[in-house]
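# Geometric and topological summary
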2 protein chains.
Amino acid sequence: MSVAKLTEAERDDALIQLDGWTLGRDGAAIERTFKFANFVEAFGFMTSVAILAEKQDHHPEWFNVYNRVEITLTTHDADGLSQRDIKLAKAIEELL
Amino acid sequence: MSVAKLTEAERDDALIQLDGWTLGRDGAAIERTFKFANFVEAFGFMTSVAILAEKQDHHPEWFNVYNRVEITLTTHDADGLSQRDIKLAKAIEELL
């Protein structure tokens, strides 16, 4: 299923509404690093994100080491950013 | 707390006992990639690993995208591999 790629204007508008996310991969992804008190808190956060992601049928690329979680959102079907990434990023923010 | 770094002989001996793990980071880490049917299965596996890791007080560096989980084990306190990595790798294998 093809998904509409955000225009640069849409992308910039969306980034303004998000907190702490930066563009990565030449504008094809948004990225944010989260830090927690310890591994249990970091993995608890990941578990919440995993459930959100599965509900939205849109999954992160992510890395964890101890209390740090690095999340990258991109839409392969759009070959860049789509509203799916923005929606998931907003839902992740609401967890915090 | 300092942890004993494995000698090369200990490391090679341990690797023979493990299934599918390869040396990374110039011998300072072991790595393995796991593939699952979908995200839910991949994250279910990660959840089990997280609990094991917390129990062993030794945590992975890991990356996930959809059904793929890449795990790297290393012991920062040993500046390389230690028995902690081997113990966690074996426990992860027993999950499968």
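My aim in this report is to walk through the structure given alongside it, one point at a time. Because the structure is predicted, anything quoted here is derived from the model rather than measured.

## So, the interface of chain A and chain B
- Contact residues are listed per partner, giving 15 residues for chain A and 15 residues for chain B.
- Between chain A and chain B, a total of about 1,400 Å² is buried, with carbon and sulfur atoms accounting for 74% of that surface.
- It is Phe39, Phe43 and Trp62 of chain A in chain A that bury the most area against chain B; as a group they hold 36% of the surface buried on that side.
- Between chain A and chain B we count 0 salt bridges in total.
- For the pair chain A and chain B, the interface holds 2 residue pairs in polar contact (both at pLDDT 80 or more).
- Looking at the side of chain A that touches chain B, the elements that each hand over two or more residues are helix H2 (39-56) and strand S3 (61-65) of chain A.
- No other element matches H2 of chain A, which puts 7 residues into the side of chain A that touches chain B.
- Classifying every residue of the side of chain A that touches chain B gives 10 nonpolar, 3 polar and 2 charged.

Each value, and the rule that gives it
Residues numbered from 1 in each chain as written. Chains lettered and ligands numbered in written order. Predicted model: local features only at pLDDT ≥ 70, side-chain atom pairs only at ≥ 80, totals over all residues. Heavy atoms only, no water. Contact = heavy atoms within 4.5 Å. Buried area = accessible area lost by both parts, 1.4 Å probe. Salt bridge = Lys/Arg side-chain N within 4 Å of Asp/Glu carboxyl O. Polar contact = N/O pair within 3.5 Å; in protein donor to acceptor, adjacent residues only side chain to side chain. Helix = DSSP H or I, 4+ residues; strand = E, 2+ residues; numbered from the N terminus. Nonpolar A, V, L, I, M, F, W, Y, C, P; charged D, E, K, R; others polar.

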